[in-house]
2 protein chains.
Amino acid sequence: MSGDLLVVGSVAIDAVETPFGREDEALGGSALYFTAAASLFAPVRLVAVVGEDFPTERVAFLAERGADLSGLVRAEGRTFRWKGRYGFDLNEAHTLETHLNVFEGFSPELAPAHRACPYVFLANIDPDLQQRVLDQVEDPRFVALDTMNFWIEGKRRSLLDAIARVDMVVLNEAEARMLAEEPNLVRAAQKILSWGPNGVVVKRGEYGAMYFADGHVFAAPAFPLEEVFDPTGAGDTFAGGMMGYLASTGNLEPDNIRRAIVFGSAMASFNVEDFSFRRLERLTYDEVASRYRQFKTLTEFEAEVG
Amino acid sequence: MSGDLLVVGSVAIDAVETPFGREDEALGGSALYFTAAASLFAPVRLVAVVGEDFPTERVAFLAERGADLSGLVRAEGRTFRWKGRYGFDLNEAHTLETHLNVFEGFSPELAPAHRACPYVFLANIDPDLQQRVLDQVEDPRFVALDTMNFWIEGKRRSLLDAIARVDMVVLNEAEARMLAEEPNLVRAAQKILSWGPNGVVVKRGEYGAMYFADGHVFAAPAFPLEEVFDPTGAGDTFAGGMMGYLASTGNLEPDNIRRAIVFGSAMASFNVEDFSFRRLERLTYDEVASRYRQFKTLTEFEAEVG
């Protein structure tokens, strides 16, 4: 059963520097990247907060794709701002500045249309907030959660409570190891599964993604690109493509989760091809479907031993 | 056309320490790992040098599998010895000691049966030696070469000459970037291809392997393991499985190279399950074929966009 997809997370203004250029006053934030990706697949409803300095006209493309931005609340003060730099190892962001600004007082209140969403993505925010959102959603069919080292270290108890309430955990490889306190990735994923979720998706940057569920493992590579300009938001774009596909198909079987992960990987590969939202903004579903098929070509080999 | 497979490289005595244990006086060396893997697939002929301290009886299992050890020459002095340590990040070996010993004077002279081999693997040795071996091989059908940062930095000119003479280059990800002087892996592989080889295989440790050829890219994951005890020799075991499969099938088409890479990945995944050659020594072809099929399960997803 397909349905609307709720995302709650951050909307930010980023300043990003990579070896290939820089961009100040770039749109950013986990929930915004997620929305841009998911809106190619399914009706998305975004809940987040911005400040008085946020250029609302620049997210008009999301509304044109059918995203519901009524939950994008404007508060007094400045928008959440992140400044970061990447070296030639584009897998690792070096945070130079973080100003939470209006995000510090963020306490999402869901409108009826938000509460009724069957698909929910709790982007990387305080696990207390993630739980407060879950408390308000009426009858979710599938809930996924992302997190980061900051919450793993600082709010472990609350994070574990949140994880016990969701269907899927989505996180980076290093975070999975840190969260499970286990250097072996397979065992780390199994430990996280033992806390309640049915699935764990481990994002590995340029190495792709892995999916773990009971008795089930899937490995997808990242799409090999000759040019990577800005990896900011790749993980949230991945999650948006994956969740958008799941919400649009309404099929939560392992085989369809595999497809969803490949769609997420395809979306992420487009995102890194240009700064901020430049590539996602002009991306079409046909381009994504075409890259999905390229993933098949990239990975296939004959089953017979020969 | 299938045929015999020649490998020239090092045979060593290793002292290895990992978080899970240690082993002194362990068998090691690139050519020995390669031979152990390839001998499950094809007739292998090993050319290497050992010292008076080498326990020849411990490689009897290779002869039992049909490997030709007549080129394993004993010289006066001690065997090449390597001492290394791995931390929890098993992707990176920390070399504690290297003693070349008899390996320093290694200058392979090939017997007629060696010279006639159609398949050749030049394991990670001085590129001058790799070329000297190539000079002696009569009419090779397929030659692959491995290398490492030491030669990339110290013997670049000779290494580029050797690369121009082979069909395939096999190397680690960081080495590919260093060799091509190009941080982007896709462009690094293309640059190496432009120097002459038809294919480049990039080994990525726990992230698997990629294969690049003209207009062709293939990505294979590593097999997810709950227990990794000792990654020593994984790269050479990979190469042995891959080349052994190619030599046994005689099919050098891209689709078969994909299969060969999966067989190499399967072999490598067994090797790391125990110290030194303990797992490879008792490994059977049926176990490898079974893991090959598990790789299919690990990576497959439906082609239709859904």
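Residues numbered from 1 in each chain as written. Chains lettered and ligands numbered in written order. Predicted model: local features only at pLDDT ≥ 70, side-chain atom pairs only at ≥ 80, totals over all residues.

**Some details on the nonpolar core**
Line of reasoning, step 1. By size, the foremost hydrophobic cluster in this structure holds 217 residues, and its most contacted members are Leu5(A), Val7(A), Leu5(B) and Val7(B).
Line of reasoning, step 2. Contacts of Val7(B), omitting those with residues within four sequence positions, involve Ala31(B), Phe34(B), Thr35(B), Ala38(B), Val44(B), Leu46(B), Phe121(B) and Ala123(B). (Core = buried A, V, L, I, M, F, W, Y, C linked by C-beta atoms within 7 Å. Buried ≥ 20, exposed ≤ 12 C-beta atoms within 10 Å, placed from the backbone. Contact = placed C-beta atoms within 7 Å.)

**Things to note about the packing of helix α7 (residues 173-180) of chain A against helix α8 (residues 185-194) of chain A**
Residues and elements named next belong to chain A.
Line of reasoning, step 1. At a closest axis distance of 9 Å, the pairing of α7 and α8 adopts a crossing angle of 60°. It follows that α7 is oblique to α8 by the angle criterion. As α7 packs across α8, the resulting crossing turns out to be left-handed. Contact with α7, carried on its side by Glu173, Ala176, Arg177, Leu179 and Ala180, involves Leu185, Ala188, Ala189, Lys191 and Ile192 of α8 and no other residues of that element.
Line of reasoning, step 2. Partitioning the contact of α7 with α8 into residue classes produces seven nonpolar, no polar and three charged. (Axes fitted to C-alpha atoms, helices over the stretch in contact; angles between N-to-C directions. Helix = DSSP H or I, 4+ residues; strand = E, 2+ residues; numbered from the N terminus. Parallel < 35°, antiparallel > 145°, perpendicular 65-115°, else oblique. Left-handed = near helix turned anticlockwise from the far one by under 90°. Nonpolar A, V, L, I, M, F, W, Y, C, P; charged D, E, K, R; others polar.)

**Regarding the interface of chain B and chain A**
Line of reasoning, step 1. The interface of chain B with chain A comprises 33 residues on the first partner and 33 residues on the second.
Line of reasoning, step 2. Of all the secondary-structure elements, those providing two or more residues to the side of chain B that touches chain A are α8 (185-194), β13 (216-220), α10 (254-271) and α12 (285-299) of chain B.
Line of reasoning, step 3. A per-element tally of the side of chain B that touches chain A places α12(B) first, with six residues.
Line of reasoning, step 4. Residue composition of the side of chain B that touches chain A, by class: 20 nonpolar, four polar and nine charged.

**Comments concerning helix α4 (residues 127-136) of chain A**
Residue and element names in this part refer to chain A.
Line of reasoning, step 1. The complete set of buried residues in α4 reads Pro127, Gln130 and Val133. Along α4, the residues classed as buried sweep out an arc of 110° about the axis, all on the same side.
Line of reasoning, step 2. Each element contacted by the buried residues of α4 is listed here: β1 (5-8), β8 (119-122), β9 (142-146), α5 (149-154) and α6 (156-164). (Arc of directions from axis to C-beta.)

**With respect to the environment of Pro118(A)**
All names here are of chain A.
Line of reasoning, step 1. Along the chain, proline 118 turns up in the loop between α3 (112-115) and β8.
Line of reasoning, step 2. Of the residues examined, proline 118 has 19 C-beta atoms within 10 Å and is grouped as partly exposed.
Line of reasoning, step 3. The spatial distance from the C-alpha of proline 118 to the C-alpha of arginine 141 is 4.8 Å, given a sequence separation of 23 residues.
Line of reasoning, step 4. Not counting the four nearest positions on each side in its chain, proline 118 is found in contact with Gly3, Asp4, Pro140 and Arg141.

**Some points on the sheet that holds β1(A)**
Strands pair in a sheet through their backbones, by hydrogen bonds, and they do so in one of two ways: parallel or antiparallel.
All names here are of chain A.
Line of reasoning, step 1. The sheet built from nine strands is open, its strands ordered β5-β4-β1-β8-β9-β10-β11-β12-β13 with mixed pairing. Strand pairing shows two members of the sheet lacking a second neighbour, β5 (68-74) and β13 (216-220), which therefore form its edges. Each neighbouring strand pair of the sheet contributes to a mean axis angle of 15°, computed without reference to strand direction.
Line of reasoning, step 2. Where β8 and β9 come together, four bridges link them in parallel fashion. The residue bridging phenylalanine 121 from the neighbouring strand is alanine 144, located in β9.
Line of reasoning, step 3. Across the sheet, α8 is in contact with β10 (168-172), β11 (199-203) and β12 (209-213); its angle to β11 comes to roughly 140°. (Pairing = 2+ DSSP bridges.)

**Remarks on the confidence of the model for chain A**
Line of reasoning, step 1. Per-residue pLDDT for chain A has a mean of 95; in total, 99% of the residues score no lower than 70.
Line of reasoning, step 2. Among the prediction metrics, the complex's ipTM stands at 0.93, with pTM recorded as 0.95. (pLDDT = per-residue confidence, 0-100.)

**Some points on the packing of helix α1 (residues 30-38) of chain B against helix α9 (residues 234-249) of chain B**
Residue and element names in this part refer to chain B.
Line of reasoning, step 1. Following both chains from N to C, one finds α1 and α9 inclined at 40°, their axes separated by 7 Å at the closest point. One finds that α1 runs oblique with respect to α9. In the crossing of α1 with α9, the sense of the turn from one axis to the other is right-handed. Together, Ser30, Tyr33, Phe34, Thr35, Ala36, Ala37 and Ala38 of α1 and Asp236, Thr237, Ala239, Gly240, Gly241, Met243 and Gly244 of α9 make up the contact between the two elements.

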